[in-house]
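# An overview of the molecular structure
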Amino acid sequence: MFIPFLPIALVGHVLVAATAGLPRIDIQKSCRESSDALYGTTTKSVFDSCVEDEKDASAKLTKDWATFPSADKARCVHAAIYLPSYVEWLTCIEGESALRRIHKDAGTAPSR
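Since the structure is predicted, the reported quantities are computational estimates derived from the model, not experimental observations. (Residues numbered from 1 in each chain as written. Predicted model: local features only at pLDDT ≥ 70, side-chain atom pairs only at ≥ 80, totals over all residues. Heavy atoms only, no water.)

### Re the state of the cysteines
For clarity, the cut-off: Cysteine sulfur atoms that come within 2.5 Å of each other are treated as a disulfide pair. Think of it this way: any DSSP run of H or I at least four residues long counts as a helix, any run of E at least two long counts as a strand, and we number them from the N terminus. Here the term buried applies to any residue with accessible area under 20% of the maximum for its type, exposed to any over 50%, and partly exposed to those in between, with areas from a 1.4 Å probe on protein chains only.
Scanning the model with the defined rule gives two disulfides in all. Shown here is the disulfide that connects Cys31 with Cys50, its sulfur atoms set 2.0 Å apart. Here the disulfide of Cys31 and Cys50 is left-handed, its torsion about the S-S bond being about -80°. Placement of Cys31 in helix H1 (residues 27-39) and of Cys50 in helix H2 (residues 44-64) is noted, with a sequence separation of 19 residues between them. Cys50 carries the same exposure label as Cys31, and that label is buried. Disulfide pairing places Cys76 opposite Cys92 at an S-S distance of 2.0 Å.

### So, helix H4 (residues 86-106)
Owing to its 3.6 residues per turn, the α-helix brings residues three or four apart onto one side. Here is the rule we go by: For a helix, the expected span equals 1.5 Å multiplied by the number of residues minus one. Contacts described as polar in this section are N or O atom pairs within 3.5 Å, which, within protein, must combine one atom able to donate a hydrogen with one able to accept it, while residues neighboring in sequence count only if both atoms come from side chains.
Taking 1.5 Å of rise per residue, the 21 residues of H4 would be expected to cover 30 Å, and the 30 Å separating its terminal C-alpha atoms lies within 8% of that figure. Between the side-chain oxygen of the N-cap and the backbone nitrogen of Val87 there are 3.3 Å, and the N-cap of H4 in question is Ser85. Phi turns positive, to about 70°, at Gly107, one or two residues after H4.

### Observations concerning the environment of Asp26
Relative to the assigned elements, Asp26 resides in the loop between strand S2 (24-25) and H1. With a relative accessible area of 34%, Asp26 lands in the partly exposed category. Considering only alpha carbons, one finds Asp26 and Ser85, 59 residues apart in sequence, at a separation of 9.3 Å.

Shown next as structure tokens:
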């Protein structure tokens, strides 16, 4: 499920976690507010889909958290830039990994 960028007001849903751990998000509240912002109301099907997507992404991030490069975590798990969303964070981290593979395969260096 794609959730477009919403105002930074959702930043309050990120709870500070242990230094090396994945930050915790109030999925229920975030999905409800996302649904309200997109559709003007919280629809059950959209809300349920959002919650399931967030749970799946959270499980994948939690499982693989220690294997992700620190730079990717710092760049992608950044509430001022990205939504406090496990789906957004996972998509960003996977994109960073894919970009590195593309540059490696092409023999070019990233332009950062």
